[in-house]
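Remarks on the overall topology
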Amino acid sequence: MSFIEIKNLVKEYQTGTEKVYAVNDVSLNIEENDFVMLFGQSGSGKSTLLTILGGLNKPTSGEIIVDEINLYKLNSKQRSDFRREYIGFIFQNFQLIPYLTVEENVMLPLAIAEYTKTEQKEIVFSLLTKVKLADKSKRLINELSGGEQQRVAIARALVNDPLIFLADEPTGDLDSKTSNSIMNIFTELNNEGKTIVVVTHNKEFIKYANRRIELSDGKIIKADYMPIEMEIVHSIHLNE
Amino acid sequence: MKLYNISLQSIRRKKAKTFFLLTGLMLSVSSVVMLFIVSKNVNSNVASLLDEFGANIIITPKSDELSFNYAGISVNSTTYELYELKNDDIDKIRTIKNSKNISLIAPKLFVLEEINDKKIIIAGIDMKEELRLKKWWKIYGKIPSSDNEILFGSKAMEKLSVRLKDTIQVANHNFIIAGILEETGSQDDAVIFMPIKIVQQIFNKKDKISLIEVAALCYDCPIEEIVRQTSKVLPNANVTPIKQTIESKMTAVHRFEHFSFGISAVILIISMLIVFTNVNASVSERTKEIGIFQAVGFRRTHIMKIILLEVLIVSLFAGLLGFILGIIGSKFIVPLLTMDDIIKINYEFGLIFFSVGFSLLVGLLAGIYPAFRATQLDPTTAFRAL
């Protein structure tokens, strides 16, 4: 059994009298420690697929099974707990809370965890050191550059030590140098055993992934294996 | 970091939004506090004015023998009295627990006397107290001020065919008619009023009193309680409340109180709308933020707690500040409404709990729906905003 199993996933929206299929009968298996790049044009359904995968967006039909947990059979409370334990989200535009400091933003997921104040501080400090922002922990978000803000977002995603990282256009607003440094962080995380799914329209980043999946009109149109030199074997199941 | 830290930081860093919510709620609380204090003080003021407008308790000796009526109350014949009221009974009335609610005590001694071959009632009164009690009296001439000056009712004057400043003889003593009472339509018109101590002296009724009229108003306690306490200190007297007078006084006193309650209810609704609008708009603006909370694994209850905590913290401060502002405001408003510059304002410091409680209640009632709405926010909507 794969780590993530997506079975016949459909997500439809009603636009006036018309039904729009954001995700249309997608099936896909992702193994533990995969680094997946989801490509596609704007409106191809890649971000919708990502939010469904993260337990934030209930599909119209189909199933997602993560680590043998059928995600949408869980109730709202259990799904929140699942997100906290399994998922680290990273978004385009960084999506940080503007009225919290760098340290507080990273600490945010710990506000509902059973940690003491000292433990929280220790965890956050080590993560900020990892993303090279320890010296800016007391700053407000608007005092940071775009790259720094995205590193804060990555630190926040890391704070619960999740198994899966879901990133939606994480380099969308960054220059190429900063984008590559962000992708390098994902590679490091992948090397540490984390499963990474990145939504991007920038094909230059394919070199960082071991899987490439391309979507169009809510369907998978291409699912490539990683470059041979990476020497990792992955299975892809396409129900097409 | 705990959830309340998020709420606190949101309050601290969103200064403009916090300021408007705090100010709106604070003004509402202060208005209610002011209304409460003003109502209490105006009631007290009206009550003391009404206290001096007619008696509401009449004390008569216990006896079966009746000789005549005064003010609708049967007054015992002095000849057959079994018990008598005396001067020191007035002092006893002053000793009751609710004596602070008694504004005046007007004793009377009635004597049926024959003057110029005509029978007439002579009432010995405490002139000062009687004039306070009967504010509607209009006197021609002057108010009797010495022991040999008397006041005539208009019908008594006609009956005896006398005029202002005439001298008449009562029980072999000469008295000058100092004033004539304008017709009142009551028994007072047929009576000659003299100082009570003179009546006691010349009719050999030392210390005796026929009846005592008491003006008392206890707008925050039942008049029956004052009657009960008075009966206890005067076991040989009938203490009778005049219900009609009391009820009309109480109606007047409570009218402003009802008005205040009405205004307070309107303020409550307005302040709830202020909080509701503010928090609801805030929730809409915070779609993105709520999406982030959901993405990092916050449950719906966590999000609701954050929003409600923010409202309750602001409400708590609004309650405290509103209380202070209400106290300060009432210092200016109470003298204006009572038209009395030197009125003593009664503050109730239990009001601080009321203010905070009121504010928290408004915050909770108005904030609960927007907070609930935040928890029901579709994450997809939030993520579209993202």
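Everything numeric in this text was worked out from a predicted model, so none of it was measured.

1. Some details on the overall build of chain A
Within chain A, the secondary structure is distributed over 6 helices and 10 strands. In chain A, which comprises 240 residues, the proportion classed as buried is 57%. At a minimum sequence separation of 6, the contacts of chain A that also span at least 24 residues come to 68%.

2. Regarding helix H5 (residues 146-158) of chain A
Over its 13 residues, H5 of chain A extends 18 Å from the first C-alpha to the last, a length consistent with the 18 Å expected when each residue adds 1.5 Å. With respect to burial, H5 of chain A is a largely interior element, 12 of its 13 residues being buried. Considered for burial, the residues of H5 of chain A that qualify are Gly 147, Glu 148, Gln 149, Gln 150, Arg 151, Val 152, Ala 153, Ile 154, Ala 155, Arg 156, Ala 157 and Leu 158 of chain A. Looking at the packing, one finds that the buried side of H5 of chain A touches strand E6 (87-91), helix H3 (102-107), helix H4 (117-130), strand E7 (164-168) and helix H6 (176-191) of chain A together with helix H9 (287-295) of chain B.

3. Here's the deal with the pairing of E7 of chain A
Residue and element names in this part refer to chain A. Of all 5 residues that make up E7, 5 are buried, and the element is covered over most of its length. Residues of E7 alternate between two faces, with Ile 164, Leu 166 and Asp 168 on one and Phe 165 and Ala 167 on the opposite face, all of them buried. Bridging between E6 and E7 involves 5 bridges; their strand directions are parallel. The residue bridging Ile 90 from the neighbouring strand is Ala 167, located in E7.

4. Quick notes on the interface of chain A and chain B
If you look at the interface, chain A gives 33 residues, while chain B gives 26 residues. Where chain A abuts chain B, roughly 2600 Å² becomes buried across the two surfaces, and 62% of that area is made up of carbon and sulfur atoms. Taken together, the connections running from chain A to chain B amount to 2 salt bridges. Where Arg 299 of chain B meets Asp 81 of chain A, a salt bridge forms, and the shortest distance between an N and an O atom there is 2.7 Å. For the side of chain A that touches chain B, the leading source of residues is helix H2 (residues 76-86) of chain A, giving 6 residues.

5. So, the pattern of salt bridges
In the structure shown here, the tally under the stated rule is 27 salt bridges over all chains. A salt bridge links Lys 194 of chain A to Asp 161 of chain A, with the shortest nitrogen-to-oxygen separation between them at 2.5 Å. With Lys 194 of chain A in the loop between H6 and strand E8 (195-199) and Asp 161 of chain A in the loop between H5 and E7, the pair connects residues that are 33 residues apart, well separated along the chain. Take Lys 194 of chain A: its relative accessible area is 10%, and that puts it in the buried class. Each of Lys 108, Glu 130, Lys 134, Asp 188 and Glu 213 of chain B takes part in salt bridges that share partners, so that together they form one network.

6. Brief notes about the packing of aromatic side chains
Here the structure, examined in full by the defined rule, presents 9 aromatic pairs over all chains. Their ring planes at 10° and their centres at 5.4 Å tell us that Phe 89 of chain A and Phe 91 of chain A sit as a pair that is stacked. Of the two residues, Phe 89 of chain A and Phe 91 of chain A, neither departs from the other in class, the shared state being buried. Look at Phe 276 of chain B and Tyr 369 of chain B: their rings are 5.9 Å apart centre to centre, the planes differ by 25°, and that puts the pair in the stacked class. Linking Phe 276 of chain B in helix H8 (residues 243-285) with Tyr 369 of chain B in helix H11 (residues 351-376), this pair joins segments that are 93 residues apart in sequence. Members of the aromatic cluster, each reached through a chain of ring pairs, are Phe 36, Phe 354 and Phe 358 of chain B.

7. Overview of unusual backbone geometry
Residue and element names in this part refer to chain B. Phi at Asp 117 takes a positive value of approximately 65°, unusual for a residue other than glycine. Mapping Asp 117 onto the fold places it in the loop between strand E5 (102-115) and strand E6 (118-125). The phi dihedral of Asn 204 falls on the positive side, at around 55°, and the residue is not glycine. A relative accessible area of 67% places Asn 204 in the exposed class.

8. Some details on a nonpolar patch on the surface
Side chains of Leu 316, Phe 317, Leu 320, Leu 321, Ile 324, Ile 328, Phe 332 and Ile 333 of chain B sit close together on the surface and give an oily, nonpolar patch of about 700 Å² of accessible area. Tracing the backbone shows Phe 317 of chain B in helix H10 (residues 300-338).

9. Topic: empty space enclosed by the protein
Following the criterion strictly, the structure yields 3 cavities of 30 Å³ or more and no others. The space that makes up the largest cavity amounts to roughly 160 Å³. Taken together, the residues of the lining of the largest cavity sort by class into 7 nonpolar, 4 polar and 4 charged. Its volume calculated, the second largest cavity comes out at about 80 Å³. In terms of lining residues, the second largest cavity is bounded by Arg 83, Arg 84, Ile 87, Gly 88, Phe 89, Pro 109, Arg 156, Ala 157, Val 159 and Asn 160 of chain A together with Ala 295 and Val 296 of chain B. Of all the secondary-structure elements, those providing two or more residues to the lining of the second largest cavity are H2, E6 and H5 of chain A. At 3 residues, the largest contribution of residues to the lining of the second largest cavity is made by E6 of chain A. Residue composition of the lining of the second largest cavity, by class: 7 nonpolar, 2 polar and 3 charged.

10. Quick look at the side chain of Arg 84 of chain A
Residues and elements named next belong to chain A. Note on placement: Arg 84 falls in helix H2. Judged by relative accessible area, which is 17%, Arg 84 ranks as buried. A polar contact of 3.2 Å, which involves the side chain of Arg 84, links it to the side chain of Asp 81.

11. Some points on helix H1 (residues 46-53) of chain A
Residue and element names in this part refer to chain A. The element H1 is extensively covered by neighbouring structure, given that 7 of its 8 residues are classed as buried. Among the residues of H1, those classed as buried are Lys 46, Thr 48, Leu 49, Leu 50, Thr 51, Ile 52 and Leu 53. In the segment just after H1, Gly 55 is the residue with positive phi, at about 80°.

12. Let's talk about the packing of H5 of chain A against H6 of chain A
What describes two packed helices is the angle between their axes and the distance between those same axes. Residues and elements named next belong to chain A. At a minimum axis distance of 10 Å, the contact between H5 and H6 shows a crossing angle of 15°. Put simply, H5 runs roughly parallel to H6. You can see that H5 and H6 cross each other, and the crossing is right-handed. Of the residues in H6, those touching H5 at Gly 147, Gln 150, Arg 151, Ile 154 and Leu 158 are Thr 178, Ile 182, Ile 185, Phe 186 and Leu 189. Of the residues in the contact of H5 with H6, the class split is 6 nonpolar, 3 polar and 1 charged.

Conventions used here
Here the residue numbers are simple positions, counted from 1 along each chain's written sequence. Note on labels: chains are lettered from A, ligands numbered from 1, in written order. Reporting of local features is limited, given that this is a predicted model, to residues whose pLDDT is at least 70; pairs of side-chain atoms are given and counted only at 80 or more, and all residues count toward the totals for whole chains, interfaces and linings. Water and hydrogen atoms play no part in the side-chain values, which are based on all heavy atoms of the structure. A run of H or I in DSSP becomes a helix once it reaches four residues, and a run of E becomes a strand once it reaches two; helices and strands are each numbered from the N terminus. Each residue is assigned to one of three classes by its accessible area relative to the maximum for its type, calculated with a 1.4 Å probe on protein chains only: buried under 20%, partly exposed between the two thresholds, exposed over 50%. Should any heavy atoms of two residues lie within 4.5 Å, those residues are counted as being in contact. Given the number of residues in a helix, its expected span is that number minus one, multiplied by 1.5 Å. The criterion for strand pairing is that DSSP finds at least two bridges linking the strands in question. A simple way to read buried area is as the amount of 1.4 Å-probe accessible surface that goes missing from two parts once joined, with both sides added. Each reported salt bridge corresponds to a side-chain nitrogen of Lys or Arg within 4 Å of a carboxyl oxygen of Asp or Glu. Classification of ring pairs uses Phe, Tyr and Trp, with its six-membered ring standing for Trp, and accepts pairs whose centres are within 6.5 Å; under 30 degrees between planes counts as stacked, over 60 as edge-to-face, and the remaining range as tilted. Nonpolar side chains (Val, Leu, Ile, Met, Phe, Trp, Tyr) are joined into patches within 5 Å and like charges within 9 Å, using only residues with over 30% relative accessible area and no salt bridge. Here the open area of atoms and residues is found with the Shrake-Rupley method and a 1.4 Å probe, where only the protein chains shown may cover a residue. Grid points spaced at 1 Å over the protein atoms alone were grouped into cavities, where a 1.4 Å probe fits but cannot get out, and pockets, open sets with protein on both sides within 12 Å along at least five of seven lines, with lining residues defined by an atom within 4 Å of a point. Grid points are joined across faces, edges and corners, and a volume is the space filled by probe spheres set on the points. Under the scheme applied here, ten amino acids are nonpolar (Ala, Val, Leu, Ile, Met, Phe, Trp, Tyr, Cys and Pro), four are charged (Asp, Glu, Lys and Arg), and all others, including Gly, are polar. Definition of a polar contact: a pair of N or O atoms within 3.5 Å, with one able to donate and the other able to accept a hydrogen when the atoms are protein atoms, and with sequence-neighbouring residues admitted only if both atoms are side-chain atoms. In this description, a line fitted to the C-alpha atoms serves as the axis of each element, helices being fitted only across the stretch in contact, and the angle between N-to-C directions of two axes falls anywhere from 0 to 180 degrees. Relative orientations are named as follows: roughly parallel for angles under 35 degrees, roughly antiparallel for angles over 145 degrees, roughly perpendicular for angles from 65 to 115 degrees, and oblique for any other angle. Should the near helix be turned anticlockwise from the far one by less than a right angle, the crossing is termed left-handed; should it be turned clockwise, right-handed.

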